[in-house]
Amino acid sequence: MLKPKIGFLFDVDGTLTTFKRNDSVVDLLIINDLELIRKKKHPIGLVTGRGVDWVRNFFFNHINETLREYILIFGEYGLVNWYKGKKIRKQIKKEIKENLFLAKDEFTKEICEYLELESYVSYVAPDKRSLWIEPKELMITYRSLPFFGLIPERFLKIINPILEKYSDTLKAYVSEQALDILPVKESKKTAAEKAIRILDPNKEIELWYAFGDSESDEDMALARNGNVKFFKIETSMTSDLHRIIQKILAGGTF
Ligand SMILES: [Mg+2]
């Protein structure tokens with residue numbers, strides 16, 4: 001029997017990386033797996049809430065040039081992507097973009113006032129109690145600082161009355177690591193559909209293996225333009241992911 005042509009989609013944080021003191025740490029075992037997937041010429045897409053700049057400047061620091069060029073990025077839930085060697089942004093309605101900017105100011109002000117914080121914009125965690133905002137282009141991300149009792153559920157509770165005002169255009173995703181706010185229509189489903197469209201323009205891939213560690217990642221399985229088999233990995237359990245990849249590459253079936 002002929003083996004089906006396969007492809008791979010990965011969430012990044014907590015799936016390809018482990019969390020150590022709020023920071024996403026790359027697991028070299030997994031980088032090696034990605035290299036093996038590349039050598040077998042299976043397409044690889046990162047379907048992530050992270051921005052393209054973070055992936056390219058932090059995550060990609062740990063991988064070689066060939067692999068860097070091979071892996072495509074569908075960042076900010078498919079809103080800001082990296083393919084054809086450049087950053088490509090999804091067209092979104094002007095109204096939604098305006099709401100994102102307005103809402104960001106309102107949310108930030110509300111959280112800072114309520115919790116008596118100053119905002120801090122960076123990819124790197126602050127060393128003092130602050131509202132840690134991760135740089136993003138078309139979405140908003142407030143990162144968790146559990147050491148200071150600053151957790152995403154708390155942020156959400158504070159901004160909820162404001163968020164309701166924007167509920168026609170914006171929605172929130174809460175995880176242990178962050179509160180993400182993005183346009184209502186975007187999700188890991190739309191991001192995976194974009195990834196499949198770009199990675200497999202001739203529709204040759206018969207089966208996509210997708211991996212993620214949070215509930216929102218499960219939406220990758222809903223992509224309508226491909227046959228996606230989703231695996232939920234426990235956050236930071238990269239050894240589990242490693243075992244599954246090895247089994248798939250050895251021709252194992254699931
Ligand atoms: Mg994750």
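Just above, that's the structure.
Just so you know, these numbers come straight off a predicted model, no measurement behind them.

Caption draft 1: Highlighting the overall build of the chain. When you go through the chain residue by residue, the secondary structure sums to seven helices and 14 strands. Counting only C-alpha atoms and orienting by the principal axes, one finds that the chain spans roughly 65 × 35 × 30 Å. For the chain, buried positions account for 37% of its 254 residues. Within the chain, contacts between residues separated by at least 24 positions form 62% of all contacts whose residues are at least 6 apart in sequence.

Caption draft 2: Representation of the sheet that holds strand 11 (residues 170-174) in the model. Read from one edge to the other, the open sheet built from five strands follows the order 8-9-10-12-11, with strand pairing classed as mixed. Both edges of this open sheet fall to strand 8 (119-121) and strand 11, since each of them pairs with a single strand only. Neighbour to neighbour, the strand axes of the sheet diverge by 25 degrees on average, direction disregarded. Here helix 4 (residues 94-115) sits on the sheet and contacts strand 8, strand 9 (131-134), strand 10 (140-143), strand 11 and strand 12 (178-183); the angle it forms with strand 9, its principal contact strand, is near 160 degrees. The sheet contacts of helix 5 (residues 152-165) involve strand 10, strand 11 and strand 12, and relative to strand 11 the element is tilted by about 165 degrees.

Caption draft 3: Examining the nonpolar core more closely. Ranked by internal contacts, the top residues of the largest apolar core, which has 52 residues, are Leu9, Phe10, Val47, Ala192, Ala195, Ala210 and Met220. No other element matches the five residues that helix 6 (residues 188-199) contributes to this core. Viewed by domain, this core spans two of them, domain 1 (6-90 + 186-249) and domain 2 (94-183), each represented by three or more residues. Those residues within four positions of Met220 in sequence are excluded, and the remaining contacts are Leu9, Val47, Lys188, Lys189, Ala192, Ala210, Gly212, Val228 and Phe230.

Caption draft 4: Expanded view of the packing of helix 1 (residues 28-39) against helix 7 (residues 238-249). One way to put it is that helix 1 packs onto helix 7 with a least axis distance of 10 Å and a crossing angle of 20 degrees. Viewed along their axes, helix 1 and helix 7 adopt a mutual orientation that is roughly parallel. Taken as a pair, helix 1 and helix 7 cross one another with a handedness that is left-handed. Here helix 1 contributes Leu29, Ile30, Asp33, Leu36 and Ile37 to the contact with helix 7, which in turn contributes Thr238, Leu241, His242, Ile245 and Leu249. Taken together, the residues of the contact of helix 1 with helix 7 break down into seven nonpolar, two polar and one charged.

Quick notes on the rules
Residue numbering note: each chain is counted from 1, following its sequence as written. Selection of residues for local features in this predicted model requires a pLDDT of at least 70, selection of side-chain atom pairs for listing and counting requires 80 or more, and totals for whole chains, interfaces and linings are taken over all residues. Put simply, DSSP H or I for four residues or longer makes a helix, DSSP E for two residues or longer makes a strand, and each gets a number counted from the N terminus. Each residue is classified by how many other C-beta atoms fall within 10 Å of its C-beta atom, where C-beta atoms are placed from the backbone; a count of 20 or more means buried, 12 or fewer means exposed, and values in between mean partly exposed. Each residue gets a C-beta atom placed from its backbone, and two residues are in contact if those atoms lie within 7 Å. DSSP bridges decide pairing: two strands pair if at least two such bridges lie between them. Where helices are involved, their axes are fitted lines through C-alpha atoms of the stretch in contact, as for all axes, and angles between N-to-C directions lie from 0 to 180°. We call a set of buried Ala, Val, Leu, Ile, Met, Phe, Trp, Tyr and Cys residues a nonpolar core when their C-beta atoms link them within 7 Å. Where each domain begins and ends follows an automated or database-derived domain assignment. Put simply, angles under 35 degrees are roughly parallel, angles over 145 are roughly antiparallel, angles from 65 to 115 are roughly perpendicular, and the rest are oblique. Crossing handedness is read from the near helix: turned anticlockwise from the far helix by less than a right angle, it gives a left-handed crossing, and turned clockwise, a right-handed one. Each residue receives one of three labels: charged for Asp, Glu, Lys and Arg, nonpolar for Ala, Val, Leu, Ile, Met, Phe, Trp, Tyr, Cys and Pro, and polar for the others, Gly being one of them.

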